[in-house]
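Summary of the model geometry
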Amino acid sequence: MERVMKRTISFASFLIFSSSILFLAGKSAAKLSYDGDNDNVTALFIFGDSFLDAGNNNYINTSTLDQANFPPYGQTFFGLPTGRFSDGRLISDFIAEYAKLPLIPPFLEPGDSQKKLCGVNFASAGAGALVETFQGSVISLRTQLDHYKKVERLWRMKFGKEESKKRISRAVYLISIGSNDYSSPFLTNQSLSISMSQHVDIVIGNLTTFIKEIYKIGGRKFGFLNVPDLGCFPALRILKQKNDSCLRDASTLASMHNKALSNLLFKMQRQVKGFKFSLFDMNKSLRLRMHHPSKFGFKEGEEACCGTGKWRGVFSCGGKRFVKEYKLCENPDDYIFWDSLHLTQNTYKQFANLIWNGGHMSDSLVVGPYNINRLFQIS
């Protein structure tokens, strides 16, 4: 069964509702123990896009295209929207849980700075490695780096120079970036002004600069998600008019990026002292589930749980965007896709388990050379 919804709400009521849900979300997170003063804490810093954004975009001047602070987002776990683009938790939330950390707070979330001693989430839905990607509506990776530097200065004042340096080097840095750099030209109906290979080179170049900046400050342990098969996401599939296949150019860009990212990371491991990384093949892991959903406990591999149109590919979940009407599935756990551009909590949990535990699937490397669990253990 499914539900068809069309919602209208006054602006004043919406503001009251939004304030209430954010207050309740804060209360929920506050129940967790923030033992950031413990010398043995390995912090988690999170950078990137909507696959990891825990609510930073709640606090910036942007449109509802880049926000998820309204129902039915968050319904499965939190019982209310938190700004996460899912029905519940994200990969980063599960990783924090496995590492025995509290939910990592968004950088822009107001409140007790003590919460930021176990790590900080800088990710922003819609962000890319390129400053130009959805510029003015999101927090670019470059700005996320600036925010990280502010936290690093806070740590130096809190712990002192030497202790802060130890904590920075012991921390794990989780990164998901690139998807918006490659999907935005198709979603905004703009053609690339340069070749695909040049576009990928620039994205990888910006990401390289970012990694080197974190390393220069003291970061040593990095976890990466590669770019999923974007052309097969419902929102991009509906752009293809002639048949039901995936949008080939978008998928090709993702594949090119992933090859270049892998080459970059292995090169840095060889050439940069102390650089350690984990690379999760999100692209292959998602395709396996889309092609064989029942094998992984899903009932639907292509259609989104929330949205409208074919494959529910219209980005209308929640009725706060350009299209107000949307359909909502009965059980998100049965679906791989939550809305036309994002995944369900069930999917994210499966990915988090792979990232944390490592291993091989179908004789292909899924996580390596380290898994995230190992990165947290390395001193």
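The structure reproduced in this document is the subject of the present report. Just so we're clear, the structure is a prediction, and the values are computed from it rather than from any experiment. (Residues numbered from 1 in each chain as written. Predicted model: local features only at pLDDT ≥ 70, side-chain atom pairs only at ≥ 80, totals over all residues. Heavy atoms only, no water.)

Side note on the sheet that holds strand S7 (residues 300-304)
- Ordered in space as S7-S10-S11, the three strands form an open sheet in which the pairing is mixed. Each of the sheet's edge strands pairs with one partner strand only, and the pair in question is S7 and strand S11 (342-343).
- With two bridges joining them, strand S10 (residues 335-339) and S11 adopt antiparallel strand pairing. By the bridge assignment for S11, Asp339 is matched with His342.
- Contacting S7, S10 and S11, helix H9 (residues 282-291) crosses the sheet at an angle of about 110° to S10. (Pairing = 2+ DSSP bridges. Helix = DSSP H or I, 4+ residues; strand = E, 2+ residues; numbered from the N terminus. Contact = heavy atoms within 4.5 Å. Axes fitted to C-alpha atoms, helices over the stretch in contact; angles between N-to-C directions.)

Observations regarding the packing of aromatic side chains
- Scanning the entire structure with this criterion turns up 25 aromatic pairs.
- Summarising the aromatic geometry, the rings of Phe233 and Phe337 are spaced 5.1 Å apart at their centres and angled 75° between planes, so their arrangement reads as edge-to-face. Placement of the pair is Phe233 in the loop between strand S5 (221-225) and helix H7 (234-237) and Phe337 in strand S10, with a sequence separation of 104 residues.
- Among the residues examined, Phe337 registers a relative accessible area of 0% and is labelled buried.
- Aromatic pair Phe266 and Phe277: ring centres 5.1 Å apart, planes at 85°, arrangement edge-to-face. Of this pair, Phe266 sits in helix H8 (residues 248-271) while Phe277 sits in strand S6 (residues 276-280), placing them 11 residues apart in sequence. (Phe/Tyr/Trp six-rings, centres within 6.5 Å; stacked < 30°, edge-to-face > 60°. Buried < 20%, exposed > 50% of the residue type's maximum accessible area, 1.4 Å probe, protein only.)

A look at the packing of helix H3 (residues 141-159) against helix H4 (residues 161-170)
- Packing of H3 against H4 leaves a shortest axis separation of 7 Å and a crossing angle of 135°. Overall, the two elements H3 and H4 adopt an arrangement that is oblique. Classified by chirality, the crossing of H4 by H3 is right-handed. Contacts between H3 and H4 involve Tyr148, Glu152, Trp155, Arg156 and Phe159 on the former and, on the latter, Lys161, Glu163, Ser164, Arg167 and Ile168. (Parallel < 35°, antiparallel > 145°, perpendicular 65-115°, else oblique. Left-handed = near helix turned anticlockwise from the far one by under 90°.)

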